[in-house]
Every structure is written in structure tokens, then in C-alpha cells.
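# Fold and geometry: a report
For reference, the chains in residue letters:
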Amino acid sequence: MLTIFTVPKAFKGHIGVIQHNAIESWTKLDPRPEIILLGNDEGTMEVARGLGLRHSPNVATSDHGTPLLSDLFRQAEAAATAPYMCYVNADIILLSDFLRAAETVQGRFPKSLLVSKRINLEITEKLHFNSQWEEDIKRRSKVSGKDEHYTGIDVFAFPKGLYPAIPDFAIGRLWFDHWLIKAVREQDLPVVDASLVAPVLHQNHDYGHVAGGKDQIWRGQEAERNFQLYGGVEHAYTLLDVTHELTRDGAIRRVRFRKPLFRIKQFAWEIFVRRTETLRKVLGLRREVGRQRTIRAPEHR
């Protein structure tokens, strides 16, 4: 019922290790989804063959050689045998919770988008997918994982045909992921957040695979081009803009006022916490001095 697709980076060094971890985790989902790797970066064909996956090597690219979202989605939908699609970044580990969440949302809202937050993990080694691997990685994420900012979204599950026309966004640069939410909201269709029950696991990495590094991703020409394709207005659609969320008891409830409530909390933090930090330190120091004097007082009697 599900086709997962992605366009990996070259399988070299640390990036190669974590991408192999991620893609192999998808093969362990039950029932096993159809998986399509797109692109011809080093090692992609070999990984597809080794794991028994489908491979489509020729993806249209920008002038900088970056794969284009429009062609990626077009090819994946044309090749997929399942009616339900899932684009996921190639460094994301998926667990069985996510597959169950996708099935639940598909049953309730056949025409909708499913997203989820990511938890960042430091993983440098090749994972071993034994019978306990999910329990092990969940424990690891609880101990050392860190929630990503609400703007960081790496997984999108949706039915075929949800995106009839996709701009030529450069993959891996800003704004394309936010547009995937924006386009569904503009169709007045549900965007469901599975973060409570099925967060995904992101394996941290550097940006050595991009000429210019992280700065190029955030402020380079392709990021600026993506911004213009997005609409040229800095109103990002993020996890604050979902319409529904999947609850721990399997229900799907309407999300109301998430963005304004978040902004109120931000305002309160700014006024009552950050701006009073210096004053609170001074008062804390004075209290400590007063406490020390009280403790020492009997010595002077």
C-alpha cells in the first residue's frame, strides 16, 4: 500500500553510513513497502541492488546539479505500484510506528498529507538490524535524542495525485518542504501531524557534500530561487500549520490555534524570561549573599 522514494547523496564516508542505515530501516517495515531510489550519485545503484530496491537513475537537475523536486515526484508517481506515496530524506530512520500512523491517516483521510517531527541523533556507526533493533534505537533516542525545530520536516506521506503541479525546487535547499505543506493547505485538505506517536529519527551529519556547506544551503542562489518559487513571502508552512494530529490512542483530532498559542508562549518567554535574565541573576546573587551571611552570623556572637 505504500511506496517510499528518495534521492540519496553519494554513499561516501559518514553520509554513506547513515544513508544505508536509513534505507535499510525502511526495508524492515512490515508489510515491507516498495522503495525507489532516484538519482545516479555514487553508490546509489549498488545500494538499490544490494537491498532489492527499485532504481531510477536519471533525474532532472538545476544548473548547479541539484535534483529537482518536480521531476523527482513525477518519476516516483509514474513508477510506483502503490496508491500511497512517501517522500523521505535519505538520512531518516523510519520505525513501524510511522507505518501504522500512515495506515490510520489514510483510512480516515484518503486525500491528505501526513507529516511528523524529527528527533536528531548522533550516529556514526552502521546499525545492526537484529530482532531488537527498534527497541534499541528508541531507547537511544530517549536518552540522547533532541527534538528538531518545528520548521524541520523530513517526511511526507500522501496519495498519488495530491500534487498535480510542482515547481522546480532544488532538493535539500530551503522552502521546498514548507511548500509541500502549503500546497495541501491551499487545497483545503487535511495536514495531519503524527509527532505524538510516530516521530522520525534523523541522523546528524555535516554539510561537506555541498560546495559552500551549510551557508550555501541557507543563503545560496538555489535557496533564493526556491524562495521565489515558494512565493517570495516569508510565511513558512510548518508543523505549526497542520490541521489535525494523531493521538496516542489512535484518534485524529482537529488542531486549533497552534500557531497563535506558540507565538504567545514565545512572547511570554521573551518578556518574562530572556529580558529578565540579568535581573534574575543579580537578585539570585543577592539572595545567595544574604543566605551566606545568615549562616555565618552565629560565628560572630
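The rules behind these values
Position numbers for residues start from 1 in each chain and track the written sequence from start to end. Only residues with pLDDT of at least 70 get local features here, since the model is predicted, and only at 80 or more are side-chain atom pairs given and counted; chain-wide, interface and lining totals rely on the full set of residues. Heavy atoms throughout the structure, all of them, feed into the side-chain values; hydrogens and water do not. We call a residue buried when its accessible area falls under 20% of the maximum for its residue type, exposed when it is over 50%, and partly exposed in between, using a 1.4 Å probe and counting protein chains only. Think of it this way: any DSSP run of H or I at least four residues long counts as a helix, any run of E at least two long counts as a strand, and we number them from the N terminus. Pairing between two strands requires that DSSP report at least two bridges joining them.

Moving on, we get to the pairing of strand E4 (residues 84-88). Of all 5 residues that make up E4, 5 are buried, and the element is covered over most of its length. Residues of E4 alternate between two faces, with Tyr84, Cys86 and Val88 on one and Met85 and Tyr87 on the opposite face, all of them buried. Pairing analysis gives 4 bridges linking strand E1 (residues 2-6) to E4, with the strands arranged parallel. Across the sheet, the residue bridging to Leu2 is Tyr84, located in E4. With 5 bridges connecting them, E4 and strand E9 (residues 155-159) associate as antiparallel partners. If you follow Val88 over to E9, its bridge partner there is Val155.

Going residue by residue along strand E7 (residues 118-121), you find Arg118 and Asn120 tucked away on one face and Ile119 and Leu121 tucked away on the opposite face as well. Here E7 pairs with strand E11 (residues 200-203) via 4 bridges, running parallel. Residue Leu121 lies in a different strand from E11, and its bridge partner there is Gln203. When E7 meets strand E8 (residues 146-147), the two strands line up antiparallel, connected through 2 bridges.

All right, on to unusual backbone geometry then. Keep in mind that most residues, glycine aside, have a negative phi and that most peptide bonds are trans. The omega torsion across Asp30 and Pro31 is 5 degrees, close enough to zero to call that bond cis. As for its placement among the helices and strands, Pro31 is situated in the loop between helix H1 (13-27) and strand E2 (34-38). The phi dihedral of Trp175 is positive, around 85 degrees, even though this residue is not glycine. With respect to the helices, strands and loops of the structure, Trp175 is situated in the loop between E9 and helix H6 (176-185). A relative accessible area of 14% means that Trp175 is categorised as buried. Although it is not a glycine, Asp188 sits at a positive phi angle of roughly 60 degrees. Position of Asp188 relative to the elements: it lies in the loop between H6 and strand E10 (191-193). By relative accessible area, which is 71% here, Asp188 ends up exposed.

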